[in-house]
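# What the coordinates show
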Amino acid sequence: MGAGGRMSVPPASKNSNRHVLRRMPHSKPPFTLGQIKKAIPPHCFNRSILRSFSYVVYDLLIASLLYYLATTYIHRIPPPLCALAWPLYWICQGCVLTGVWVVAHECGHHAFSDYQWLDDTVGLVLHSALLVPYFSWKYSHRRHHSNTGSLDRDEVFVPKLKSRIRWYAKYLNNPPGRILTVLLTLTLGWPLYLLFNVSGRDYDRFACHYDPYGPIYSDRERLQIFISDAGLIAVTYGLYHLATLKGLSWVLCVYGVPLLIVNSFLVLITWLQHTHPALPHYDSSEWDWLRGALSTMDRDYGILNRVFHNITDTHVAHHLFSTMPHYHAMEATKAIRPILGEYYQSDGTPVLKAIWREANECIYVEADESEQSKGVFWYKNKL
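Residues numbered from 1 in each chain as written. Predicted model: local features only at pLDDT ≥ 70, side-chain atom pairs only at ≥ 80, totals over all residues. Heavy atoms only, no water.

## A word on the UniProt feature "transmembrane region" (unreviewed entry) in the protein chain
Under the UniProt annotation, "transmembrane region" (unreviewed entry) lies at residues 55-74, 86-105, 117-137, 177-196, 225-243 and 249-272. Secondary structure content for residues 55-74 is 95% helix and 0% strand, and the end C-alpha separation is 27 Å. Between the first and last C-alpha atoms of residues 177-196 the distance is 23 Å; the span itself is 100% helix and 0% strand. (UniProt positions renumbered as here; feature names shortened; annotations may be inferred. Helix = DSSP H or I, 4+ residues; strand = E, 2+ residues; numbered from the N terminus.)

## Considerations on the pattern of salt bridges
Tallied over the entire structure, the rule returns 15 salt bridges. The salt bridge partner of Arg291 is Asp288, with a shortest N-O separation of 2.7 Å. The pair formed by Arg291 and Asp288 is uniform in burial state, with each residue classed as buried. Measuring nitrogen to oxygen at the nearest pair gives 2.8 Å for the salt bridge that ties Glu358 to Arg357. Residue Glu358 shares its accessibility class with Arg357, and that shared class is buried. (Salt bridge = Lys/Arg side-chain N within 4 Å of Asp/Glu carboxyl O. Buried < 20%, exposed > 50% of the residue type's maximum accessible area, 1.4 Å probe, protein only.)

## Some thoughts on a nonpolar patch on the surface
A contiguous nonpolar surface patch, about 690 Å² in accessible area, is contributed by Leu180, Leu184, Leu188, Leu192, Leu195, Phe196, Val198 and Phe206. Among the secondary structure elements, Leu184 is positioned in helix α8 (residues 175-196). Its relative accessible area of 43% is what places Leu184 among the partly exposed residues. (Patch = residues over 30% accessible without salt bridge, like charges linked within 9 Å, V, L, I, M, F, W, Y side chains within 5 Å. Areas by Shrake-Rupley, 256 points an atom, 1.4 Å probe, with all protein chains shown as cover.)

## Notes on the sheet that holds strand β1 (residues 281-282)
Sheet architecture is open: 3 strands sit in the order β1-β5-β4, paired in antiparallel fashion. Only two strands of the sheet have a single partner each, and these edge strands are β1 and β4 (364-367). Across 2 bridges, the pairing between β1 and strand β5 (residues 376-380) is antiparallel. Bridged to His281 within β5 is Phe377. (Pairing = 2+ DSSP bridges.)

## Let's talk about helix α15 (residues 351-361)
Think of an α-helix as 3.6 residues a turn; residues three or four steps apart then line up on the same face. Within α15 the residues assigned to the buried category are Val351, Ala354, Ile355, Arg357, Glu358, Ala359 and Asn360. Where the residues of α15 are buried, they touch α8, α10 (248-274), β2 (298-299) and β3 (346-347). (Contact = heavy atoms within 4.5 Å.)

Below is the structure:
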């Protein structure tokens, strides 16, 4: 249900895997966005309410089934096995709810249906249930898409220049330090970004996703930020009431730990899509929208690609055409790869290996003195 009819993107050849670290071209592409769009079958841009809702229903049914199995049977399992059953539930439920998160993300891009009010209603409900400020994130994420790859205006995972690296970075530039950094990023990265704009762009004053009057938002957006906050307050109150009835430990086991896994996947997916030795970043002298949109990496999460509705392995197409529904993104990716050529970036490195490599190689960005274009920056790690 909801997953039929997808096309598979051919895996990268072994020869191409040897060159995943080779820098992508950073000169102006020999094609336009219009030419890329013409290569994609027109039906890929069609949004179907029924098909979009089928993914919502499918994900929520699986989540409900996992909830039923966990709350009905885990307490009946003998203690040694019970200790294994809960982590299994947490992981499976976290993965499924990440798929729900992705559908709500599509609503924020107006990729769910042809009706903005419907997209916002579905997105607000689903994201609020996952303690995400829907409109707040929708607008900051939209600016990320408008400024991808820009050192000056991108909204998230903006790499630091070497001159702005903190004093303690050299003490973390070792295996234990990298492990600690990755763990903190995956566990605390999402709430720190929402609360304090950690890893986001610089603003002239304090920026917070919960603040309607913060510098992230324009005047016409502020009312919707209040609505996002109201949604979170309602869900938080519901969780509090549930904790008084069932107990805090029950809420944490059934809801809290899977939510932490969702947040970790969200940070991991976004980080790996925009952090890679082959990807350039640009300052204001070089940046343009198309080159920035192409400066992202498709990744392979195996079976989780489907669970995550292919947000992982069709990210290049998503950045080029963000209003395209996810269920057409695989077909679109296959269509645009011949046009993009070396401008299309994909890395099939196993995720754990990629995490370690990127944590080791991508510490800061710096322009190469040997290049004529001084506004193009690449990841480096020598402190």
